[in-house]
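Overview (structure and organization)
Here are the chains, one letter per residue:
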Amino acid sequence: MDLYLLAELKTISLKVTTVDMQKPPPDFRTNFEATPPPILIDNGLAVLENEKIERHIMKNVPGGHNLFVQDKEVATLVENLYSKLKLMLLKKDDTKTNSLMSHLRKINEHLGRKGTRFLTGDTMCCFDCELMPRLQHIRVAGKYFLDFDIPVELAHLWRYMYHMYQLDAFTQSCPADQDIINHYKLQQVGGMKMKKHEELETPTFTTSIPVSIATED
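Residues numbered from 1 in each chain as written. Predicted model: local features only at pLDDT ≥ 70, side-chain atom pairs only at ≥ 80, totals over all residues. Heavy atoms only, no water.

Side note on the pattern of salt bridges
Scanning the model with the defined rule gives 4 salt bridges in all. R113 is the salt-bridge partner of E73, the closest N and O atoms lying 3.0 Å from each other. Pair noted here: E73 is in helix α4 (residues 72-78) and R113 is in helix α6 (residues 94-114), with a separation of 40 residues, a long-range link. When its relative accessible area of 43% is taken as the criterion, E73 is described as partly exposed. (Salt bridge = Lys/Arg side-chain N within 4 Å of Asp/Glu carboxyl O. Helix = DSSP H or I, 4+ residues; strand = E, 2+ residues; numbered from the N terminus. Buried < 20%, exposed > 50% of the residue type's maximum accessible area, 1.4 Å probe, protein only.)

Laid out in structure tokens, this is it:
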């Protein structure tokens, strides 16, 4: 998502190639073997692993350093959110669900105190590029597996998501609902896979917002 944002700002030219890791093309297997995406290729240089990609963007990609800000409070808010989602899906009990809800409330309270469109201000930063994809996974996977919904009363969080859904940087980098669901199916015991009829479905993208949020001035 960092790169989509920079492309939207026209500081870089970006080409995205998706790879089916169940059946990777021969040239991918030759160059990267079983290395999982994402993989960044910048002027012929391949950069693997998320942390190394982030460092490369910050140091070598035009405008990249502007995305990376220092904010310990926000960093704490973003970390562990994904692991709490995975635990909720694995354990399927009230304790793990309440833990995730508590975390979402903290993010909502931070956004309320801040009073800005994004986590650290009115301009997106690296933390937003981490948080919003995780919120999308919570929406889609939480609903599918546990009928979990982010409460409407977390208005600041919903307003944040509303702003993110307006950005091409997010909508163009966001995986389809079916891909998110299949990702977690593969992590289930026995490795559930997407059924044939599901593979043939037209991809859907959950971007709906509660009416009370969407109609705010």
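Here the narrative resumes, following the displayed structure.
Describing the pairing of strand β1 (residues 39-42)
Relative to strand β2 (residues 45-48), β1 runs antiparallel, the two being bridged by 4 bridges. Each bridged residue has a counterpart across the sheet, and for I39 the counterpart in β2 is L48. Between β1 and the antiparallel strand that follows it, β2, lie 2 residues; N43 among them carries a positive phi value of about 50°. (Pairing = 2+ DSSP bridges.)

Let's talk about the environment of G112
Following the sequence through the fold, G112 ends up in helix α6. Along the sequence, G112 and A155 sit 43 residues apart, while their C-alpha atoms lie 8.7 Å from each other.

Some details on the confidence of the model for the protein
The predicted model of the protein has a mean per-residue pLDDT of 84, with 87% of residues at 70 or higher. Model confidence for the protein, summarised as mean pLDDT per element, is weakest for helix α11 (residues 196-199) at 55 and strongest for α6 at 96. (pLDDT = per-residue confidence, 0-100.)

Section: the nonpolar core
Core analysis: the biggest nonpolar cluster contains 51 residues, and L104, L135, I138, I150, L157, Y160 and M161 have the highest contact counts within it. Elements with a minimum of two residues in this core: α3 (50-60), α4, α5 (81-91), α6, α7 (126-146), α8 (155-165) and α10 (177-185). Counting residues per element, this core draws most heavily on α7, at 10 residues. Of the domains in this structure, domain 1 (1-67) and domain 2 (72-213) are the two that each give at least three residues to this core. (Core = buried A, V, L, I, M, F, W, Y, C linked by side-chain atoms within 4.5 Å. Domains from an automatic or database assignment.)

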